[in-house]
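# Examining the three-dimensional arrangement
Residues per chain are reported as follows:
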Amino acid sequence: MADQKKLMNKVKLKAEADKLTIASMMYFVADAVVFSTRDLVSQQMLLQMAWLSGETLLMKELLSFTSGVDISRVLKKVDKDAMLFVLTDNVIVVVSASDPVGREPQIIRPQGRS
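Attention in this report is confined to the structure presented alongside it. All values reported here derive from a predicted model rather than from experimental measurement.

Okay, the overall build of the chain next. Counting its secondary structure elements, the chain contains one helix and nine strands. Tracing the chain from N to C terminus, the helices and strands come up as α-β-β-β-β-β-β-β-β-β. Here the C-alpha radius of gyration of the chain, 14 Å, is about what a compact globule of 114 residues would show, namely 13 Å. If one aligns the C-alpha atoms of the chain with their principal axes, the spans along those axes are about 40 × 40 × 20 Å. Across the 114 residues that make up the chain, the buried fraction comes to 37%.

Encoded structure:
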């Protein structure tokens, strides 16, 4: 729990320094956290993952999307060892539940979209 609190605090400080607002809840996946941010200047939205390597905060952009789209549901699929982040535009981001940092996320877009 202390590590989660430390990670959340570092993410909040980094977001503030980068002029971002955290636009969703923070969802913990193993030792990482997934959340959406909004750039205050460009109004661009990002789905991001963050984790600690020792005391160093590391972050990775999972998906960039337009303003107005956000996380609508989060599903944990224990049998598939994954967490699914369903966005309001029906895009699904699949993150490994056991190794979110080591395995690349999968992006599933509705048919008819590029």
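The subject of this paragraph is the environment of Thr-88. One can find Thr-88 in the loop between strand E7 (82–87) and strand E8 (92–96). Looking at Thr-88, the relative accessible area reads 44%, which means it is partly exposed. Distance from Thr-88 to Gly-68, taken between C-alpha atoms, is 8.5 Å for residues 20 residues apart in sequence. Once residues lying within four places of it in the same chain are set aside, the contact partners of Thr-88 are Gly-68, Val-69, Asp-70 and Ser-72.

As for its position among the elements, Ser-96 is in strand E8. Take Ser-96: its relative accessible area is 9%, and that puts it in the buried class. At 3.4 Å, the side chain of Ser-96 forms a polar contact with the backbone nitrogen of Ser-98. Of the polar contacts made by the side chain of Ser-96, one reaches the side chain of Arg-103; its length is 3.4 Å. Excluding its chain neighbours within four sequence positions, the residues that come into contact with Ser-96 are Val-29, Asp-81, Ala-82 and Arg-103.

Cut-off values and rules
- Residues numbered from 1 in each chain as written.
- Predicted model: local features only at pLDDT ≥ 70, side-chain atom pairs only at ≥ 80, totals over all residues.
- Heavy atoms only, no water.
- Helix = DSSP H or I, 4+ residues; strand = E, 2+ residues; numbered from the N terminus.
- Rg over C-alpha atoms; globule rule 2.2 N^0.38 Å.
- Buried < 20%, exposed > 50% of the residue type's maximum accessible area, 1.4 Å probe, protein only.
- Contact = heavy atoms within 4.5 Å.
- Polar contact = N/O pair within 3.5 Å; in protein donor to acceptor, adjacent residues only side chain to side chain.

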